[in-house]
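# Observations on the model geometry
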Amino acid sequence: MKDFGFEKHELAVFRKLSTPQKIQRFLDDEVGYNKEKDGETCRSPRRVLRDRLAHCAEGAYFAAAALRLLGHPPLIVDLMAVRDDDHLLAVFKQDNCWGAIAKSNYSGLRFREPVYRTVRELVMSYFAHYYNLKGELTLREFSRPVNLSRFDRNDWMTREEDLFEIGDYFYTVPHSPVMAVAMTRKRRM
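Rules of the game
Residues numbered from 1 in each chain as written. Predicted model: local features only at pLDDT ≥ 70, side-chain atom pairs only at ≥ 80, totals over all residues. Heavy atoms only, no water. Buried < 20%, exposed > 50% of the residue type's maximum accessible area, 1.4 Å probe, protein only. Helix = DSSP H or I, 4+ residues; strand = E, 2+ residues; numbered from the N terminus. Pairing = 2+ DSSP bridges. Core = buried A, V, L, I, M, F, W, Y, C linked by side-chain atoms within 4.5 Å. Contact = heavy atoms within 4.5 Å. Salt bridge = Lys/Arg side-chain N within 4 Å of Asp/Glu carboxyl O. Arc of directions from axis to C-beta. Phe/Tyr/Trp six-rings, centres within 6.5 Å; stacked < 30°, edge-to-face > 60°.

### Quick look at the pairing of strand β3 (residues 75-81)
β3 sits mainly inside the fold: six of its seven residues count as buried. Inspection of the sheet shows β3 paired to strand β4 (residues 87-94) by five bridges, in the antiparallel sense. Paired with Asp78 across the two strands is Leu88, which belongs to β4. Taking the residues that link successive antiparallel strands as the turn, the β3-β4 hairpin has five residues, and the phi of Arg83 there is positive, at about 50 degrees. Bridge count between β3 and strand β8 (residues 146-147): two bridges; the pairing is antiparallel. Bridge pairing links Leu75 to Asn147 in β8.

See the structure below:
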């Protein structure tokens with residue numbers, strides 16, 4: 001197993017996360033939800049492991065790092081919403097199907113088994129669960145999978161400084177609509 005700059009005791013924890021399901025279980029059971037205001041922190045996977053605290057982005061980056069240590073590329077999909085928070089998914093392929101790992105304070109926006117043929121199909125599995133406090137369905141767009149290895153020169157997996165540049169990068173990535181504009185107007189949104 002390549003260490004990517006992690007220390008032995010950190011790698012020992014990652015070795016136990018030997019499946020996507022175990023990574024999700026670790027995020028659910030061992031990592032509290034970071035309730036700090038958006039933009040106050042953006043911990044690296046090392047800091048999430050140490051602090052046992054993560055919000056959506058921090059959890060997705062942690063999951064991407066854990067997947068990478070299992071041999072998967074560290075891929076993230078950005079979900080964009082209206083009148084609601086955006087959401088990040090660490091995505092992976094098994095048997096040519098897509099699955100996802102995510103940290104959320106709502107369980108409906110977390111794990112997806114790898115049974116989806118396309119990223120769009122995977123994203124649509126979140127649609128009915130993606131609503132704001134007014135009950136409006138808010139999911140509107142999604143990005144292509146972004147490989148976080150593009151940030152390796154910044155030591156994204158192990159550095160002590162926050163990872164704000166990764167979140168900023170998602171604003172530059174093209175996003176696709178989850179449905180046509182005409183369909184959006186007809187829905188409860």
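Additional details are given in the paragraphs that follow.
### A word on the nonpolar core
Soluble globular proteins tend to pack their nonpolar side chains together in the buried interior. Membership of the largest hydrophobic core comes to 39 residues, with the highest contact counts inside it found for Tyr61, Ile76, Ile101 and Trp156. At the level of elements, α1 (8-16), α2 (20-30), α3 (45-51), α4 (56-69), β4 and α6 (164-170) are the ones that each hand at least two residues to this core. No other element matches the eleven residues that α4 contributes to this core. With sequence-adjacent residues up to four places away left out, Ile101 is seen in contact with Pro20, Ile23, Gln24, Leu27, Ala63, Leu67, Leu89, Ala90, Phe92 and Phe111. Among the nonpolar cores identified, the runner-up in size contains 22 residues, and Leu75, Val91, Leu122 and Leu137 belong to it.

### Side note on the pattern of salt bridges
Counted by the stated rule, this structure contains 13 salt bridges. Between Glu10 and Arg46 there is a salt bridge, with its nearest N and O atoms 2.8 Å apart. Of the two residues, Glu10 is situated in helix α1 and Arg46 in helix α3; the sequence distance between them amounts to 36 residues. Side by side, Glu10 and Arg46 carry an identical accessibility label, which is buried. Across the pair Arg43 and Glu36 runs a salt bridge whose closest N-O atoms are separated by 3.7 Å.

### Quick notes on α2
Given 3.6 residues to a turn, an α-helix orients residues that are three or four positions apart in the same direction. All buried positions along α2 are accounted for by Pro20, Ile23, Gln24, Phe26 and Leu27. Here the buried residues of α2 occupy an arc of 155 degrees about the axis, which is enough to place them on one side. The secondary structure elements touched by the buried residues of α2 are α1, α3, α4, β4 and β5 (97-101).

### Thoughts on the packing of aromatic side chains
This structure, assessed with the given rule, holds seven aromatic pairs. Aromatic side chains Phe6 and Phe14 sit 4.9 Å apart centroid to centroid with 55 degrees between the ring planes, which places their arrangement in the tilted category. This pair shows no difference in class: Phe6 is buried, exactly as Phe14 is. The interplanar angle of 80 degrees and the centroid separation of 5.6 Å between the aromatic rings of Phe151 and Tyr169 together place this pair among those described as edge-to-face. Linking Phe151 in the loop between β8 and α6 with Tyr169 in helix α6, this pair joins segments that are 18 residues apart in sequence. You'll find Phe151 and Tyr169 in the same group, each marked buried. An aromatic cluster is defined as three or more aromatic residues linked by ring pairs; in this entry it consists of Phe6, Phe14, Phe26 and Phe62.

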